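# Overview (structure and organization)
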Amino acid sequence: KRVVVATSNPGKVREMAEALAGLGWELMPLPAGIAMPEETGTTYEENASLKACTIATRLGLPALADDSGIEVDALDGQPGVYSARFGDCASDTERNTYLLDRLRGKSDRRAHFRSVVILAYPDGDMECYEGVVSGTLLEGPRGTQGFGYDPLFVPDGETRSFGEMSVEEKRPLSHRGLALKKLLAAHGHLK
Ligand code: ITT
């Protein structure tokens, strides 16, 4: 089956392709000239369905979207659904510095990554899967792999940050990997 990966984030494309390889689906990137819709929702579910349904309808093909974010305890769950726009920063590196500045002097370093993955069909049908991972935020970035807040986040039970892990190492631990594992199970892949 052909499925469009409805995201403008290359890091998500890599993780989705790696996690779903066993399904044998043909995962198509977003075609050139097709823009992602503006994310006007206030929840991960709203934004993920907005992205997946818009692209599925537009292209007449099933579309897979992820809406995700990091929820920081010391910031009362911020930035959450607004993680991509946090601090109005121009790059992931600047956004990580901004987050570290906001946490300066705070001893509570707990944080949670959440992902809502939606597979939408052109006829309006939808499947929804969620994954969460808890961990702690470092005092400074570590590692150059992954994307976004990965260099700052050490998942519970690990010593390395997501930034120090390959896509294969991150998958079984990550919010997105856990959501995609549920999608795999729903499509008959029980591994
Ligand atoms: P699309 O909407 O086009 O998929 P996006 O990057 O804008 O791309 P989101 O709106 O879902 O995606 O924003 C999620 C942000 O949360 C993302 O830009 C990262 O900053 C952060 N984030 C989510 N998952 C992450 C992960 O696995 N590792 C690091 N940061 C992550």
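Note that the structure is predicted; figures quoted are calculated from it, not measured.

Bringing the packing of helix 1 (residues 10–20) against helix 5 (residues 175–186) into the picture now. A pair of packed helices is characterised by two quantities: the angle between their axes and the separation of those axes. With their axes 10 Å apart at the nearest point, helix 1 and helix 5 run at an angle of 40° to one another. By the criterion of interaxial angle, the relationship of helix 1 to helix 5 is oblique. Seen along the crossing, helix 1 lies across helix 5 with a hand that is right-handed. Of the residues in helix 5, those in contact with Glu 15, Met 16, Ala 19 and Leu 20 of helix 1 are Arg 176, Gly 177 and Leu 180. When its residues are assigned to classes, the contact of helix 1 with helix 5 shows four nonpolar, one polar and two charged.

With twelve residues, helix 3 (residues 92–103) extends 17 Å from end C-alpha to end C-alpha; this agrees with the ideal 16 Å at 1.5 Å per step. Those residues of helix 3 not exposed but buried are Arg 95, Asn 96 and Leu 99. The buried residues of helix 3 all sit within an arc of 100° when viewed along its axis, so they share a single face. What points out from helix 3, more than 90 degrees from its buried face, is the exposed set Thr 93, Glu 94 and Asp 101. Two residues or fewer after helix 3 comes Gly 105, characterised by a positive phi angle close to 80°.

The next point concerns the pairing of strand 3 (residues 63–72). Within strand 3, nine of the ten residues are buried, leaving the element largely enclosed by the surrounding structure. Where strand 3 lies against strand 4 (residues 110–120), ten bridges are found, and the strand directions are antiparallel. Bridging from a neighbouring strand, Ala 63 pairs with Ala 120 of strand 4.

To continue, consider the UniProt feature "active site" (unreviewed entry) in the protein chain. Per the UniProt record, "active site" (unreviewed entry) is found at Asp 67. With respect to the element layout, Asp 67 can be found in strand 3.

Our focus in this paragraph is the sheet that holds strand 4. If you trace the six strands from one edge of the open sheet to the other, you get 2-1-3-4-5-6, paired in mixed fashion. The open sheet has two edge strands, strand 2 (26–29) and strand 6 (153–155), and neither has a second partner. Averaged over all pairs of adjacent strands, the angle between strand axes in this sheet comes to 35°, irrespective of strand direction. The pairing of strand 1 (residues 2–5) with strand 3 spans two bridges and is parallel. Across the sheet, residue Val 4 finds its bridge partner in strand 3, namely Ala 63. Against the sheet, helix 5 engages strand 3, strand 4 and strand 5 (126–137), with an angle of about 150° to strand 5.

The rules we used
Residues numbered from 1 in each chain as written. Predicted model: local features only at pLDDT ≥ 70, side-chain atom pairs only at ≥ 80, totals over all residues. Axes fitted to C-alpha atoms, helices over the stretch in contact; angles between N-to-C directions. Helix = DSSP H or I, 4+ residues; strand = E, 2+ residues; numbered from the N terminus. Parallel < 35°, antiparallel > 145°, perpendicular 65-115°, else oblique. Left-handed = near helix turned anticlockwise from the far one by under 90°. Contact = placed C-beta atoms within 7 Å. Nonpolar A, V, L, I, M, F, W, Y, C, P; charged D, E, K, R; others polar. Expected span 1.5 Å × (residues − 1). Buried ≥ 20, exposed ≤ 12 C-beta atoms within 10 Å, placed from the backbone. Arc of directions from axis to C-beta. Pairing = 2+ DSSP bridges. UniProt positions renumbered as here; feature names shortened; annotations may be inferred.

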